[in-house]
Amino acid sequence: MDATQMHDVIVVGAGPAGAAAAHRLAVQGRDVLLLDKAAFPRDKTCGDAISYRAMKIVEEMGALDGVRKVAQEIRSVRFVAPDGREVASALPRHPEYTGVLVIPRLQLDTLLKDHAVTAGAQLVENAHVDAIQPLAEGVQVSAGENMFRARLVILAVGANSALLRRQDILKEQPQTMLAARGYARGLQSDPHEIIFSYDRMALPAYGWIFPLPEGRANVGAGFFRIGPNKDQMPATARESLDIYMQNPAVQAAFTTGITLDEVKSFPLRVDFLRAPKFAPRTLIAGEAAGLVNPLTGEGIDYALESGRMAADGALAMLAANDFGAARLDEYARSLNRAFARFFRYHAVFRDTLFTYPWLLNRLMALGAHDRQFMDHLLNSALGILDPAKILAPRFLARLAFHP
Ligand SMILES: Cc1cc2nc3c(=O)[nH]c(=O)nc-3n(C[C@H](O)[C@H](O)[C@H](O)COP(=O)(O)OP(=O)(O)OC[C@H]3O[C@@H](n4cnc5c(N)ncnc54)[C@H](O)[C@@H]3O)c2cc1C
């Protein structure tokens, strides 16, 4: 590749955010280079669940049929409350989809980057970007010995903040959740039901079982080292998963002798409200901008959406040949308009519910009897209902007086 060639945009990171950005830019006829330090197929430590919002963008990228072929459809959810009470519920009806999906990231991310490449993005694998330097008319991106040039860069490097720190973009330690997951065989619980457990662990934390095809499941656990229990948290994410593996909900879900393969841990950045969203000639998308729901830990949907928004920001800048502060700030404001209120509410829900577990117990108890309330809870968690609706006076009254 010619190192002096000036591309329109370089996207660093070919996860969901980077693939969505590169796909949109390529579809719009832009010259886009997609760099990733890994070679695909590559794994990404994750729970592998994709929400309706994620499915919408995957569909718009033309990848949903391929995803469905290897994914497990989920139609219901089972919660184990802090007091051990189990509450199961069908997912609320969605106008377009019959359920959310679970698909290993090894497969999802390969499909997404394939669609970006088919649309016209040039992928360079094994390109570990270590520096970005300003040029008179753009940026120079270095990956070891290799140099690339573009008028603008989109950083979609996920929770790995090394590059953002080196560039002095990220100046403080971001708030993170620590989580670990592995893959198990021999699932004997409902293969279309996901399980979230909040019992037998210091909160804020949860464990999950997300079914995959052929009796496999993604089993994981994660926690925040915050709040009144912060000194009682496990030393590592792996330890929190070991604790969860002893949970009766896990033991009951699998045939005896369950073992986990491919156990890996990784942090989740949940600092969107404080995170930098741009730098000179640089837009930041996905988890690199802290876009993970601080209550549920999902971030694939927000990575895809923000990747697309970064592409739209880039398209506007390229069209106007204006990469100035006002344009960069407009991108940050578009992210804030889309996500800030929602993330603020969910951070407050997390801090309140996990500080006062009796409240979470009451929520679950009420949800077990009140379909409309449970639908609101689930739709809010899925990001398709304004979370303020949970605080409607009629629900607060029911919560206060529910036996
Ligand atoms: C244990 C765990 C469970 C989770 N469960 C879920 C879930 O069930 N559902 C959900 O929606 N979200 C979940 N998440 C969050 C989700 O995984 C992330 O939010 C999502 O992957 C973010 O996408 P992204 O494109 O921003 O970044 P990533 O998916 O992390 O992609 C970043 C890409 O950038 C590349 N890269 C990084 N640095 C460089 C560099 N310097 N040079 C070149 N390339 C680079 C990486 O190789 C990678 O391909 C979970 C996270 C964890 C840790």
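What you see is a predicted model; the values in this text were computed from it and never measured. (Residues numbered from 1 in each chain as written. Predicted model: local features only at pLDDT ≥ 70, side-chain atom pairs only at ≥ 80, totals over all residues. Heavy atoms only, no water.)

So, on to the packing of helix H1 (residues 16-27) against helix H4 (residues 105-119). Interaxial distance between H1 and H4 falls to 7 Å at its minimum, and their mutual angle equals 20 degrees. Classified by the interaxial angle, the pair formed by H1 and H4 is roughly parallel. As for the relative orientation of H1 and H4, their crossing is left-handed in sense. Contact residues: H1 offers Pro16, Ala19, Ala22, His23, Ala26 and Val27, while H4 offers Arg105, Asp109, Leu112, Lys113, His115, Ala116 and Ala119. (Axes fitted to C-alpha atoms, helices over the stretch in contact; angles between N-to-C directions. Helix = DSSP H or I, 4+ residues; strand = E, 2+ residues; numbered from the N terminus. Parallel < 35°, antiparallel > 145°, perpendicular 65-115°, else oblique. Left-handed = near helix turned anticlockwise from the far one by under 90°. Contact = heavy atoms within 4.5 Å.)

What follows concerns H1. Taking 1.5 Å of rise per residue, the 12 residues of H1 would be expected to cover 16 Å, and the 16 Å separating its terminal C-alpha atoms lies within 8% of that figure. Among all positions of H1, only Pro16, Ala17, Gly18, Ala19, Ala20, Ala21, Ala22, His23, Leu25 and Ala26 are buried. Residues of H1 that are buried in the fold lie against strand E1 (6-12), strand E2 (32-35), helix H2 (52-60), H4, strand E11 (146-155) and helix H8 (300-320). One or two positions beyond H1, positive phi appears at Gly29, with a value near 85 degrees. (Expected span 1.5 Å × (residues − 1). Buried < 20%, exposed > 50% of the residue type's maximum accessible area, 1.4 Å probe, protein only.)

Taken in spatial order, the three strands make up an open sheet running E3-E7-E4, and their pairing is antiparallel. The open sheet is flanked by strand E3 (49-50) and strand E4 (72-74), the only strands paired with a single partner. Here three bridges tie E4 to strand E7 (residues 100-102), and the two strands are oriented antiparallel to one another. Each bridged residue has a counterpart across the sheet, and for Gln72 the counterpart in E7 is Val102. (Pairing = 2+ DSSP bridges.)

As a further point, take the domain arrangement of the chain. Its domain assignment divides the chain into domain 1 (6-71 + 103-171 + 270-348), domain 2 (176-269) and domain 3 (357-401). Between the C-alpha centres of domain 1 and domain 2 the distance comes to 28 Å. With 27 residues of domain 1 in contact, the opposing surface of domain 2 contributes 17 residues. Contact between domain 1 and domain 2 buries roughly 1,700 Å² in total, counting both sides, with carbon and sulfur atoms accounting for 53%. (Domains from an automatic or database assignment. Buried area = accessible area lost by both parts, 1.4 Å probe.)

With that settled, consider the site of the ligand. Asp36, Gly47, Ala49, Arg105 and Glu287 are the nearest of the 36 residues found near the ligand. A distance of 3.0 Å separates a nitrogen atom of the ligand from a polar atom in the backbone of Lys37. Between the ligand and Asp48, the relevant distance is 3.4 Å, taken from an oxygen atom to a main-chain nitrogen or oxygen of the residue. Considering the ligand on its own, with 1,000 Å² of exposed area, one finds that the protein chains cover 95% of that surface. Breaking the shell around the ligand down by element, the ones donating at least two residues are H1, strand E14 (205-211), strand E16 (261-269) and H8. In terms of residue count, E16 provides more of the shell around the ligand than any other element does, three residues in total. Each residue belonging to the shell around the ligand can be placed in one class, and the counts come to 19 nonpolar, nine polar and eight charged. Taken together, domain 1 (6-71 + 103-171 + 270-348) and domain 2 (176-269) each give at least three residues to the shell around the ligand, which thus spans both. (Near = heavy atom within 4 Å. Polar contact = N/O pair within 3.5 Å; in protein donor to acceptor, adjacent residues only side chain to side chain. Areas by Shrake-Rupley, 256 points an atom, 1.4 Å probe, with all protein chains shown as cover. Nonpolar A, V, L, I, M, F, W, Y, C, P; charged D, E, K, R; others polar.)

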